[in-house]
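Coordinates in review
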Amino acid sequence: MHPRSTSSPHRQPRSSLARASILAALAVVLVTAASAPASPSVKTRVTVVGDSITGSFTYVPAATRLLGRGLDLRTDTAVCRRLVAASCAFQGSTPATVLQVIVAQGRALGPVVVINVGYNDWAAVYDVGRVMKALRSMGVERVVWVTLREASSNASLYAQSNARIRSAARKWKRMLVVADWNAYSRGKPWFREDGLHLTVSGAMGLARLLRPLVVGRSS
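Before going into details, it helps to say that this report is about the structure given with it. Just so we're clear, the structure is a prediction, and the values are computed from it rather than from any experiment. (Residues numbered from 1 in each chain as written. Predicted model: local features only at pLDDT ≥ 70, side-chain atom pairs only at ≥ 80, totals over all residues. Heavy atoms only, no water.)

1. What to know about the packing of aromatic side chains
By the definition in use, this model includes six aromatic pairs. Relative to Trp-190, the ring of Tyr-184 lies with its centre 6.0 Å away and its plane at 50°, an arrangement referred to as tilted. Owing to a relative accessible area of 32%, Tyr-184 belongs among the partly exposed residues under this scheme. Take Trp-190: its relative accessible area is 10%, and that puts it in the buried class. Three or more aromatic residues joined by ring pairs make a cluster, and in this case those are Trp-181, Tyr-184, Trp-190 and Phe-191. (Phe/Tyr/Trp six-rings, centres within 6.5 Å; stacked < 30°, edge-to-face > 60°. Buried < 20%, exposed > 50% of the residue type's maximum accessible area, 1.4 Å probe, protein only.)

Quick look at the structure:
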């Protein structure tokens, strides 16, 4: 007479049951994760600081949409704005300088800043380096600096400011990108009677120049 076996031939070892339970739990987690809606990606904050030239974006919304597609785009433009020296007065008010805007906004500027100011300035006080230091201190990672259009009776003065922009770009080459509006716009019928302020097509042209530089791609 053979001794009766005390174990069932269909009973699984406890270690096998534990592994099966873990695999089942993992499957539930993976299915849940796959079915959950993807969280929206955070848009990159881009701040444009400009004078009345960039102010054309306010009356050409298509240009703003082109430049800001997929971005958290903020613009701060004002007539008579200067870079560092006190701005000139317009209709009884004096706008903040670029430097003052940087200090006021601080880290809310975001990682990318566009500077398009200088038509109300003069080269001797067009201190690009001082503004770059302020931007770096606020955590800005890339600065897109727009050259001035060398037109009108002040063309030679604008050329001097452009030389300062390019000189700064050599020093700040990992941070400062030059948007050469002077070259890009040359010969284009994009301007009003003064040769500086933009028509609708000019605003779109400026947006097209800035777009690849702002998002970090070569044009």
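2. Details of the pattern of salt bridges
If you walk through the whole model with that rule in mind, you get four salt bridges. Between Asp-72 and Arg-45 there is a salt bridge, with the nearest N and O atoms lying 2.5 Å from each other. Placement of the pair is Asp-72 in strand β2 (residues 72–77) and Arg-45 in strand β1 (residues 45–50), with a sequence separation of 27 residues. Overall, Asp-72 belongs to the partly exposed group, its relative accessible area being 21%. Look at Arg-45 and you get partly exposed, because its relative accessible area is 21%. A cluster of three or more residues bridged by salt bridges with shared partners is formed by Arg-45, Asp-72 and Arg-74. (Salt bridge = Lys/Arg side-chain N within 4 Å of Asp/Glu carboxyl O. Helix = DSSP H or I, 4+ residues; strand = E, 2+ residues; numbered from the N terminus.)

3. Regarding the sheet that holds strand β5 (residues 176–179)
Strand order across the open sheet formed by five strands is β2-β1-β3-β4-β5, with parallel pairing between neighbours. Across the chains shown, the open sheet's two edge strands, defined by having one partner strand only, are β2 and β5. Neighbour to neighbour, the strand axes of the sheet diverge by 20° on average, direction disregarded. Both β1 and strand β3 (residues 112–116) contribute to a ladder of five bridges, which runs parallel. What sits directly across from Thr-47, in β3, is Val-113. With respect to the sheet, helix α3 (residues 98–105) is in contact with β1, β2 and β3, its orientation differing from that of β1 by roughly 150°. Contacts from helix α7 (residues 200–214) reach β1, β3, β4 (142–146) and β5 within the one sheet, and its direction differs from that of β4 by about 160°. (Pairing = 2+ DSSP bridges. Axes fitted to C-alpha atoms, helices over the stretch in contact; angles between N-to-C directions. Contact = heavy atoms within 4.5 Å.)

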